[in-house]
Amino acid sequence: MRSYSTLSVWLFAFLVSAQCLWTKPVQAQSFPTGFSQTAIASGISGPTVVVPAPDGRFFICQQNGALLIVKNGSLLPAPFVSLTVDASGERGLIGLAFDPAFASNQHLYLYYTVPTSGSVTVHNRVSRFTANGDVVVPGSEVVLLDLDPLSGATNHNGGSMVFRPDGKLYIAVGENANRANAQTLDNHLGKVLRINPDGTTPTDNPFPTGSASQRRIWAYGLRNPYTLAVQPGTGRLFVNDVGESTWEEINDASTGGHNFGWPLAEGVSSNTALTNPVYAYQHGAGDGKGCAITGGVFYNPTTSVYPASFVGKYFFQDFCNAWINVLDLSGTTAVRSPFATGTSGQDLSITLAPDGYLYYTSRGSGSLYKITYFSDCQTVQAGSWHNAATWSCGHVPTTTDQATVKHLVTISSPQIANARQIRYEANGRISVGTSAVLRLGL
């Protein structure tokens, strides 16, 4: 079977495999006005996924089995845990989810590849661990699910895990480069699974009878569902499925029982027995085309730091072509728009953190990036700094805003004014009262 975007990758042959037969031009980095990216941490070897903890730390899986933490902008020297894994091909430590009650129970879930040893055949496993600050509690691993034995093919493992508002754990599993696995209900491969946090099977899954694997299945007909995404508030579930030779898919698995078609179809199909993707993009060069969809996230933060027009949109990225695109889902058909090009390359796992910013990691640079935004608030008239009518942005500047001062602006005592930075134009002045304060920077 031709494996066009095996992510095998990680396009481990560094994009010199059959996945990228085109020549990829060097692109200058481009973001919308006010947006940019900042490297938060570097020195990460073979990242596979980054997930923000509810407390603001970032947990990053390395393929070699080490789970790293970025805390207060610094990569901690000691890993949270180091697991013994089979890291060949796309195997390794490739999935992570935090328990919805992590603040109280300190539980997190890892998806990793158990090596062949004695009578144990190489396979993927889902286990629960307990945290004690920045390290694992020794001996706390609870094995929840041992998946099917793997073949000699080391690609198409999936690995993404998420919780939805129903409190269930959803697990994306690749078909292990065997097309037939995706359509049978008698194994876990090429599926999205749904289990309880203790590893038991919910009784309201779409296939409540049959084999143990069938009873765990939420959706099937998938090739390599590398990432899952849940929309905050609605619980909508998207599956980003890496395609073979033609199409990359974003599928809606919010309701159970769907057959997304692989290998009977790739992209949009006329077969009414199959569920078509919400959006699919073709393989090729340039923005909006690629070889492997490796991340997607809904932008529905508790507090938005980006323009309101981005709230509710779906951001997604491709491994090969160094871009981030945005889907508008407000209509009956998803509409794609470009967002960023010339990003770091070999990008994956775009995610929304509690601070309202998007982050992603790059295998190419071994770094964690933050997508920042600073608006430009310009004065439209003389007046008080704290009067929204003084500013073009319609609000009083904050630490995420550049303040462009074109008029006389007054900060009266004992008020405190904030801005990311100040830019003066002709006739622009700031009058600061005796006990007033102007704070610049984040």
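Structural data are supplied above this passage.
Residues numbered from 1 in each chain as written. Predicted model: local features only at pLDDT ≥ 70, side-chain atom pairs only at ≥ 80, totals over all residues. Heavy atoms only, no water.

**Q** Looking at this model, I keep getting lost on the overall build of the protein. Mind explaining?
**A** Looking only at helices and strands, the protein has two helices and 34 strands in total. A compact globule built from 442 residues would reach a C-alpha radius of gyration of about 22 Å, and the protein, at 23 Å, matches this within 12%. Dimensions of the protein, computed from the C-alpha atoms along their principal axes, are close to 75 × 50 × 40 Å. Just so you have it, the protein exposes about 16800 Å², and 51% of that area is on carbon and sulfur atoms. (Helix = DSSP H or I, 4+ residues; strand = E, 2+ residues; numbered from the N terminus. Rg over C-alpha atoms; globule rule 2.2 N^0.38 Å. Areas by Shrake-Rupley, 256 points an atom, 1.4 Å probe, with all protein chains shown as cover.)

**Q** How should I be thinking about the sheet that holds strand 12 (residues 158-163) in this particular structure?
**A** Taken in spatial order, the four strands make up an open sheet running 12-13-14-15, and their pairing is antiparallel. Of all strands in the sheet, those with a lone pairing partner are strand 12 and strand 15 (217-220), marking the two edges. Averaged over neighbouring strand pairs, the angle between their axes works out to 15 degrees when direction is ignored. As paired strands, strand 12 and strand 13 (residues 169-173) are joined by four bridges and run antiparallel to one another. Residue pairing across strands places Val162 opposite Tyr170, the latter belonging to strand 13. (Pairing = 2+ DSSP bridges. Axes fitted to C-alpha atoms, helices over the stretch in contact; angles between N-to-C directions.)

**Q** Would you mind showing me how to read unusual backbone geometry here?
**A** Glycine aside, residues mostly have negative phi, and peptide bonds are mostly found in the trans state. With omega at 5 degrees, the peptide bond leading from Trp262 into Pro263 counts as cis. Here Pro263 lies in the loop between strand 18 (247-252) and strand 19 (279-282). Even without being glycine, Asn72 reaches a positive phi, approximately 55 degrees. Mapped onto the secondary structure, Asn72 falls in the loop between strand 4 (66-71) and strand 5 (74-75). On the basis of relative accessibility, which here comes to 75%, the residue Asn72 falls in the exposed class. The phi torsion at His156 lies on the positive side, around 60 degrees, for a residue other than glycine. Among the residues examined, His156 registers a relative accessible area of 1% and is labelled buried. (Buried < 20%, exposed > 50% of the residue type's maximum accessible area, 1.4 Å probe, protein only.)

**Q** Looking at this model, I keep getting lost on the sheet that holds strand 30 (residues 408-411). Mind explaining?
**A** The strands making up a sheet are joined through hydrogen bonds of the backbone, oriented either antiparallel or parallel. Pairing within the open sheet is parallel, and its three strands lie in the order 28-30-33. If you trace the sheet from one side to the other, it starts and ends with strand 28 (383-384) and strand 33 (429-432), each paired once. Judged from the four bridges that link them, strand 30 and strand 33 form a sheet pairing that is parallel. When the sheet's bridge partners are listed, Leu408 is paired in strand 33 with Arg429.

**Q** How should the nonpolar core be read in this particular structure?
**A** One recurring pattern in soluble globular proteins is that nonpolar side chains are buried together. Counting 31 residues, the largest nonpolar core has Tyr306, Phe315, Phe339, Leu358, Leu368 and Ile371 as the members making the most contacts within it. For this core, the secondary structure elements donating two or more residues are strand 1 (35-41), strand 3 (58-62), strand 4, strand 22 (323-328), strand 23 (335-341), strand 24 (347-352), strand 25 (358-362) and strand 26 (367-373). The element best represented in this core is strand 26, accounting for four residues. Here Leu358 is in contact with Val297, Tyr299, Tyr306, Phe315, Ile350, Thr351, Leu352, Tyr369, Lys370 and Ile371, once residues within four sequence places are set aside. Ranked by size, the runner-up nonpolar core spans 22 residues in total, among them Val49, Leu96, Leu108 and Phe129. (Core = buried A, V, L, I, M, F, W, Y, C linked by side-chain atoms within 4.5 Å. Contact = heavy atoms within 4.5 Å.)

**Q** Just checking my understanding: could you explain the side chain of Arg128 for this structure?
**A** In this fold, Arg128 is placed in strand 9 (residues 123-132). Notably, Arg128 is buried but unbridged: the nearest opposite-charge side chain belongs to Asp99, and the N-O separation is 6.4 Å. Those residues in contact with Arg128 that sit more than four places away from it in its chain are His107, Leu108, Tyr109, Ser140, Glu141, Val142, Leu144, Pro197 and Asp198. (Lys, Arg positive; Asp, Glu negative; His and termini not counted. Salt bridge = Lys/Arg side-chain N within 4 Å of Asp/Glu carboxyl O.)

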